[in-house]
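Examination of the molecular architecture
Chain residues, written in single-letter form:
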Amino acid sequence: MSMFKARVKEFEDALESNEIDIYKLRNLCFHGIPDVGSFRATCWKILLGYLGPKRCTWTETLSKKRALYRQFVEELVLPPGLNDGDNQGDANTGLSDHPLSEGPESAWNTFFQDNEFLLQIDKDVRRLCPDISFFQQATEYPCDIVVHSKGERRLHQRVVPTVLSSANVERKGLGITKQINLITKRSNENYMAMEEGLEAHWEVVQRILFLYAKLNPGQGYVQGMNEIVGPIYYIMASDPDLEYRKYAEADCFFCFTALMSEIRDFFIKTLDDSEGGIKFMMAKLANMLKEKDAEIYDKLKEQELYPQYYSFRWITLLLSQEFPLPDVVRIWDSIFSDENRFEFLIRICCSMILIQRDLILHNDFASNVKLLQNYPPIDINIVLSHAVSLRG
């Protein structure tokens, strides 16, 4: 118990400094952030670069960013013609921009295009993190301008789903992905939307992803991003400090945006071979495996069990599909603390294979695919300790 108290004290001291010693904080967080107070939410904000090291800047940063996010919601989460409630008779939103107008400048044209990716987001967020009931529950802090808009700003109402099939996604670009189910952890049932005045957590996540896609048109929305935003939102929206929890949506948006700026290359098919691209990362894993255990490497090669079959999902989604949410959160403490970002992720992936060494050497191709695509339950600390040992 005293060890835990000592650890909590270390975090308190680190976070109370006027200027955070980032090196020291990274080192602390790498070994896991205690589930105490706002430690994790605050540390992630710092590790992802949303908050700077000088504490005196935090209040201003947060109020500016939260006001900016509010502006995004006001301007982007609404159908054409409602851009300015006081001006609904305005000539610009009236006849000149008719819903049937197909001009490239037409706000309605954009609206219908947005609905195409919104439909995919809607499917994905209604099944998020099924191992906990959190995302189906109502948030205590619904977005007022959305939940009191008579449905006009409710995104899911724009794409009311009929029977949606949860087909495996294919990421165009890697031909192999037809054989990979990118999302394995999904609820069997669609989460339900809340009535006027209320909002479920999955609806909030939907808005975050929609705004991200709107503001990053070069990338847009790619399935799997929902699995990256889910754990971040969960941490922000579970913050025991109510003043922070109230702004979970805005804070999550900027933390997610910061993280996506680092991993977006995993999601962009034209960058597959670039240094940050997914093929490059999978090759790094294969090389590490070859270096650490040539026998396993040769076995998988002989079975033609290529890294794409399993590590494509592991790396792209930062292992969010392989472990229960509390374990994912613990893994991300270490990944976000890693100064050589994603080097430690590759070590974790390599450890996951090495830990199953005996089984892999005895298994046939089909059993090994199953083993690596549905990783068996394990104490996450064993995996992390093994990954640390690979550093030597």
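Structural data are supplied above this passage.
**Section: the overall build of the protein**
- When you go through the protein residue by residue, the secondary structure sums to 19 helices and 0 strands.
- The buried share of the protein, taken over its 392 residues, is 52%.
- Sequence separation of at least 24 residues holds for 77% of the intrachain contacts in the protein that already meet a minimum separation of 6.
- In the form shown here, the protein has an accessible surface area of approximately 18,400 Å², with 51% of it arising from carbon and sulfur atoms.

**Section: helix α1 (residues 2-16)**
- The first and last C-alpha atoms of α1 sit 21 Å apart over 15 residues, in line with the 21 Å expected at 1.5 Å per residue.
- By the burial criterion, the buried members of α1 are Val-8, Phe-11, Ala-14 and Leu-15. All buried residues of α1 fall inside an arc of 125 degrees around its axis, so they share one side. Residues of α1 that are exposed and point more than 90 degrees away from the buried face comprise Ser-2, Lys-5 and Glu-16.
- Close packing links the buried residues of α1 with α2 (22-30) and α3 (39-47).

**So, the environment of Ser-17**
- Counting through the fold element by element, Ser-17 comes out in the loop between α1 and α2.
- Polar side-chain contacts of Ser-17 include one of 3.1 Å to the backbone oxygen of Asp-13.

**Some thoughts on the packing of α1 against α2**
- Following both chains from N to C, one finds α1 and α2 inclined at 150 degrees, their axes separated by 10 Å at the closest point. On the basis of their axis angle, the class for α1 and α2 is roughly antiparallel. Crossing angle aside, the handedness with which α1 passes α2 is left-handed. Along its contact with α1, which presents Arg-7, Glu-10, Phe-11, Ala-14 and Leu-15, the element α2 presents Leu-25, Leu-28 and Cys-29.
- Looking at side-chain class alone, the contact of α1 with α2 contains 6 nonpolar, no polar and 2 charged residues.

Procedures and definitions
Residues numbered from 1 in each chain as written. Predicted model: local features only at pLDDT ≥ 70, side-chain atom pairs only at ≥ 80, totals over all residues. Heavy atoms only, no water. Helix = DSSP H or I, 4+ residues; strand = E, 2+ residues; numbered from the N terminus. Buried < 20%, exposed > 50% of the residue type's maximum accessible area, 1.4 Å probe, protein only. Contact = heavy atoms within 4.5 Å. Areas by Shrake-Rupley, 256 points an atom, 1.4 Å probe, with all protein chains shown as cover. Expected span 1.5 Å × (residues − 1). Arc of directions from axis to C-beta. Polar contact = N/O pair within 3.5 Å; in protein donor to acceptor, adjacent residues only side chain to side chain. Axes fitted to C-alpha atoms, helices over the stretch in contact; angles between N-to-C directions. Parallel < 35°, antiparallel > 145°, perpendicular 65-115°, else oblique. Left-handed = near helix turned anticlockwise from the far one by under 90°. Nonpolar A, V, L, I, M, F, W, Y, C, P; charged D, E, K, R; others polar.

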